[in-house]
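# A closer look at the structure
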Amino acid sequence: MYQINKLKGYGEVMDIYFVDKEGNVYSEKLQDNLSQGDNGRGYKIVSLKKKNERKWKKCYVHRLVASAFIPNENGLPEVNHKDENKSNNHVSNLEWVSRKENVNHGTGTQRQVFKRTEPIYVYDYLLRFVGEFRGMNQATTETLGYSETRGRDNRIKDYFFLRKPLTVEKIIDINKNSGYQTVVVEDTNTGEKKYFPNNRRAREFFDNKVNVTDAIKHNWLVRKKYRIYPLDYNELKDSPNLRE
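The name given to the protein chain in an unreviewed UniProt entry is HNH endonuclease, with Schinkia azotoformans MEV2011 as the source organism.

## Structural notes on the sheet that holds strand β15 (residues 193-196)
Here we have 4 strands laid out as an open sheet, ordered β15-β14-β17-β16, and antiparallel in their pairing. Lying at the two open borders of the sheet, with one neighbouring strand each, are β15 and β16 (221-222). Here strand β14 (residues 183-187) pairs with β15 via 4 bridges, running antiparallel. Following the sheet pairing, glutamate 186 is matched in β15 by lysine 193.

## Details of the nonpolar core
Counting residues in hydrophobic clusters, the biggest one holds 22 residues, and the most contacted among them are Ile4, Val19, Val25, Val46, Leu48 and Leu64. Put simply, the parts of the chain that give this core at least two residues each are β2 (17-19), β6 (44-49), α1 (61-69) and β9 (94-97). Counting residues per element, this core draws most heavily on α1, at 5 residues. Not counting the four nearest positions on each side in its chain, leucine 64 is found in contact with Ile4, Leu7, Tyr10, Val19, Val25, Val46 and Cys59. Within the second largest apolar cluster, 16 residues are counted, among which are Phe160, Leu162, Leu166 and Tyr229.

## Comments concerning the sheet that holds β6
Across the sheet, 3 strands lie side by side as β5-β6-β7; this open sheet has antiparallel pairing. Edge positions in the sheet fall to β5 (37-38) and β7 (56-60), since each has one partner strand and no second. As paired elements, β6 and β7 share 5 bridges and run antiparallel to each other. Bridge pairing links isoleucine 45 to tyrosine 60 in β7. Sitting on the sheet, α1 is in contact with β6 and β7, with an inclination near 75 degrees to β7.

## Things to note about the pattern of salt bridges
Using the criterion set out here, one finds 9 salt bridges in the structure. One salt bridge in this structure joins glutamate 148 and arginine 150, with 3.5 Å as the shortest N-O distance. For aspartate 153, the salt bridge is made with arginine 163, and the minimal N-O distance between the two is 3.0 Å. Of this pair, aspartate 153 sits in the loop between α4 (135-143) and β12 (154-156) while arginine 163 sits in the loop between β13 (159-162) and α5 (168-177), and the two are 10 residues apart along the sequence. A relative accessible area of 40% means that arginine 163 is categorised as partly exposed.

## Things to note about the side chain of aspartate 187
Take aspartate 187: it is sitting in strand β14. Among the residues examined, aspartate 187 registers a relative accessible area of 8% and is labelled buried. Those residues within four positions of aspartate 187 in sequence are excluded, and the remaining contacts are Glu192, Lys225 and Tyr226.

## Let's talk about the packing of aromatic side chains
In the structure shown here, the tally under the stated rule is 9 aromatic pairs. In this structure an aromatic cluster arises from ring pairing among Phe196, Phe205, Phe206 and Tyr226. The ring of tryptophan 56 has lysine 49 lying over it, and the distance from NZ or CZ to the ring centre is 5.8 Å. When the ring centre of tyrosine 125 is taken as reference, the NZ or CZ atom of arginine 128 above it lies at 6.0 Å.

Cut-offs applied
Residues numbered from 1 in each chain as written. Predicted model: local features only at pLDDT ≥ 70, side-chain atom pairs only at ≥ 80, totals over all residues. Heavy atoms only, no water. Pairing = 2+ DSSP bridges. Helix = DSSP H or I, 4+ residues; strand = E, 2+ residues; numbered from the N terminus. Core = buried A, V, L, I, M, F, W, Y, C linked by side-chain atoms within 4.5 Å. Buried < 20%, exposed > 50% of the residue type's maximum accessible area, 1.4 Å probe, protein only. Contact = heavy atoms within 4.5 Å. Axes fitted to C-alpha atoms, helices over the stretch in contact; angles between N-to-C directions. Salt bridge = Lys/Arg side-chain N within 4 Å of Asp/Glu carboxyl O. Phe/Tyr/Trp six-rings, centres within 6.5 Å; stacked < 30°, edge-to-face > 60°. Lys NZ or Arg CZ within 6 Å of the ring centre and 35° of its normal.

This is the structure in structure tokens:
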């Protein structure tokens, strides 16, 4: 065990306290280890009485262990928990690091991204759930293949990017102003329907020989059997695709 008031920065506490490599803080007065509290963020703390004062110094246990048993020749400012378990203060789990190293350790970068970004729920043009992503950058990169940071609660090409889980009412509102149109090509003889994310894709179905925009506008019967019209998203309201 190491006497705590011999550590740099702890000289004002009484000489009755000791720390060991397991992360225990021992009091000679109590003849027992001190109980350890939580600072509200998972770090263990103890209160050590100061010399000749009715005051106590709150000390982080991981810093006590590191200060006592881990050399810090480079004067690094922070102590990192290698396994990211803040209550595991065994000396083998601790290391001196820079601020940047501490933030980036393990899932640190991921945690920082999580804090800075909002969830984005992505659905395709038929309202099939694609996934939940953190922020528009990840959402668009994973679906469109490039980063587009704008477009929240909007449609970009074949996908809807929403800040809240889908409601058909929201989709209908978005679709009115998005500039994109999901197209239905219906075989009037069989009732079979084919769905396309836009007019161009529907035109390709007809080998680019049909003016889909005019066919929709004038309600033409194409090739004597096909009716082409915009998708009414109310048709998908009860679709199992909406259940994530």
